[in-house]
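Letter by letter, the chains look like this.
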Amino acid sequence: MLKIGDFSKLSRISIRMLRHYDEIGLLTPRSTDHFTGYRYYSEDQLLKAVRINSLKDMGFSLAAIGEMLKKYDDPAELAKFLEIRRVEVQEEMKESGHRLMLLDTAIQRLRKDDMAMNYSVVLKTMPQRYVASVRAVIPAYNQEGILWKRMGEETRDMNLQMAEPVYSLAVFHDHGFKDGDVDVEIQISVKGSYDNTEHVVFKTVPEVEIASAVYKGSYDQITDVNFAVANWVKDNEYEFNGPMLCIYHVSPAQTQNPEELVTEVCYPVKKI
């Protein structure tokens, strides 16, 4: 019989972990002295300890290891566990590779531009939405209020129910910046079912992957934010997959202080 300290050295498992394994029933001592509380292990338990270490090195949780040890003599069952873990590791490698690419491109952007990290760009999926929409050509970007007024007037008596979360946004359908006569569509997510009006169209918008950056403050920053997101798309080997849009998390309808506005600049993207 081996004292816990000796078994710890031979098994390469710390005394603290051996006590924890005992508590959870993963590796219990062969005997315990009822008077002193000393734990004693037999040498044949080293095989089980080696198996535990081997499975831990593969990244299995202690709970999974406990289940695997029960079926260790069944190669078919053991292979199922190993195959599941293999797939998990492949996904982890993919995620790690993506994180490494993000770090590399962030470093490169900072070397080119000290202000590159002022706007943090993230990749995410915008879910499918049912929206009330108004689209028209308006004189200039700063006259988007024309569309919101039109929507408000034509839906005033509809008792629209807002979806959760509420996406209030504008889609800019022109290719690139224009000085005038801009093609803009506004959308707000709703729930229920409604009939179209003269200018308001109710429709389902499919989910889309977007690269986006959130910023707080006036719309004067929007050009810089656009530049930051567009550079991120290029640097991270994505391509644009639809018109740019802005989500208004805090809009002029909620505050008259430009410094309190919160806007998210988004570009639909897909991997090259």
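Quick note: structure is the one above.
If you're wondering where the values come from, they're calculated on a predicted model, not measured in any experiment.

A. Focus on the overall build of the chain. A tally of regular secondary structure across the chain gives 7 helices and 13 strands. At 30 Å, the chain has a C-alpha radius of gyration far larger than the 19 Å of a compact globule built from 272 residues. Within the chain, the proportion of its 272 residues that are buried is 36%. As presented, the chain carries roughly 16700 Å² of accessible surface, and 52% of it is formed by carbon and sulfur atoms. Here the chain contributes 33 positive and 41 negative side-chain charges, whose respective centroids are spaced 8 Å apart.

B. Quick look at helix H2 (residues 15-24). Looking at H2, one finds that the buried residues are Met17, Leu18 and Tyr21. Take H2 and look down its axis: the buried residues cluster within an arc of 105°, on one side only. Structural note: H2 exposes Arg16 and Glu23 on the side pointing more than 90 degrees away from its buried face. Those residues of H2 hidden inside the fold are in contact with helix H1 (4-11), strand E3 (39-41), helix H3 (46-57) and helix H4 (62-70). Following H2 by one or two positions, Gly25 adopts a phi angle in the positive range, close to 80°.

C. Structural view of the environment of Val184. Of note, Val184 is situated in strand E8 (residues 182-191). On the basis of relative accessibility, which here comes to 0%, the residue Val184 falls in the buried class. In sequence terms Val184 and Tyr141 are 43 residues apart; their C-alpha atoms lie 8.1 Å from each other. Every residue in contact with Val184, bar those within four places of it in the chain, is listed here: Val134, Arg135, Ala136, Ile138, Glu144, Leu147, Ala170, Val171 and Phe172.

D. Representation of the nonpolar core. Core analysis: the biggest nonpolar cluster contains 34 residues, and Val229 and Val265 have the highest contact counts within it. Elements that contribute at least two residues to this core include exactly strand E5 (129-138), helix H6 (145-155), strand E7 (168-172), E8, strand E10 (208-216), helix H7 (222-235), strand E12 (244-250) and strand E13 (262-271). Val265 has contacts with Ala211, Ser212, Ala213, Tyr215, Ile222, Val225, Asn226, Val229, Met244, Leu245 and Cys246, leaving out every residue within four places of it along the chain. Core analysis: the next-biggest nonpolar cluster, separate from the first, contains 19 residues, Phe7, Ile13, Ala49 and Met68 among them.

E. Highlighting the environment of Ala132. Tracing the chain through its elements places Ala132 in strand E5. Note on Ala132: relative accessible area 0%, which makes it buried. Considered as a pair, Ala132 and Val190 are 58 residues apart in the sequence and their alpha carbons are 6.8 Å apart. Ignoring sequence-local partners within four residues, the contact set of Ala132 consists of Met151, Ile186, Gln187, Ile188, Val190, Val200, Val201 and Phe202.

F. Just the pattern of salt bridges, in detail. According to the stated counting rule, one finds 14 salt bridges in the structure shown. The salt bridge involving Arg135 is made with Asp183; its shortest N-O contact spans 2.7 Å. With Arg135 in strand E5 and Asp183 in strand E8, this pair connects stretches of sequence that are 48 residues apart. When its relative accessible area of 47% is taken as the criterion, Arg135 is described as partly exposed.

G. Representation of the packing of aromatic side chains. All chains considered together, the criterion is met by 8 aromatic pairs. Considering the side-chain rings of Tyr219 and Tyr248, the 6.2 Å spacing of their centres and the 65° angle between planes classify their relative orientation as edge-to-face. Here the residue Tyr219 occupies a position in the loop between E10 and H7, and Tyr248 occupies one in strand E12, the gap between them amounting to 29 residues. For Tyr219, a relative accessible area of 30% puts it in the partly exposed group. An aromatic cluster of three or more residues is present, and its members are Tyr130, Tyr194 and Phe202. In this arrangement the basic side chain of Arg129 is found over the ring face of Tyr167, its NZ or CZ atom lying 5.8 Å from the centre.

H. Broad picture of the state of the cysteines. Overall, the coordinates contain 0 disulfides when judged by the stated rule. With no disulfide partner, Cys246 has as its closest neighbouring cysteine sulfur the one in Cys266, 7.1 Å distant. Here Cys266 falls in the buried class, since its relative accessible area comes to 0%.

I. Structural view of the side chain of Ser218. Mapped onto the elements of the fold, Ser218 is located in the loop between E10 and H7. A relative accessible area of 15% means that Ser218 is categorised as buried. Contact partners of Ser218, with chain neighbours within four places excluded, come to Pro258, Glu259 and Leu261.

Calculation notes
Residues numbered from 1 in each chain as written. Predicted model: local features only at pLDDT ≥ 70, side-chain atom pairs only at ≥ 80, totals over all residues. Heavy atoms only, no water. Helix = DSSP H or I, 4+ residues; strand = E, 2+ residues; numbered from the N terminus. Rg over C-alpha atoms; globule rule 2.2 N^0.38 Å. Buried < 20%, exposed > 50% of the residue type's maximum accessible area, 1.4 Å probe, protein only. Areas by Shrake-Rupley, 256 points an atom, 1.4 Å probe, with all protein chains shown as cover. Lys, Arg positive; Asp, Glu negative; His and termini not counted. Charge placed at Lys NZ, Arg CZ, Asp CG, Glu CD. Arc of directions from axis to C-beta. Contact = heavy atoms within 4.5 Å. Core = buried A, V, L, I, M, F, W, Y, C linked by side-chain atoms within 4.5 Å. Salt bridge = Lys/Arg side-chain N within 4 Å of Asp/Glu carboxyl O. Phe/Tyr/Trp six-rings, centres within 6.5 Å; stacked < 30°, edge-to-face > 60°. Lys NZ or Arg CZ within 6 Å of the ring centre and 35° of its normal. Disulfide = S-S within 2.5 Å.

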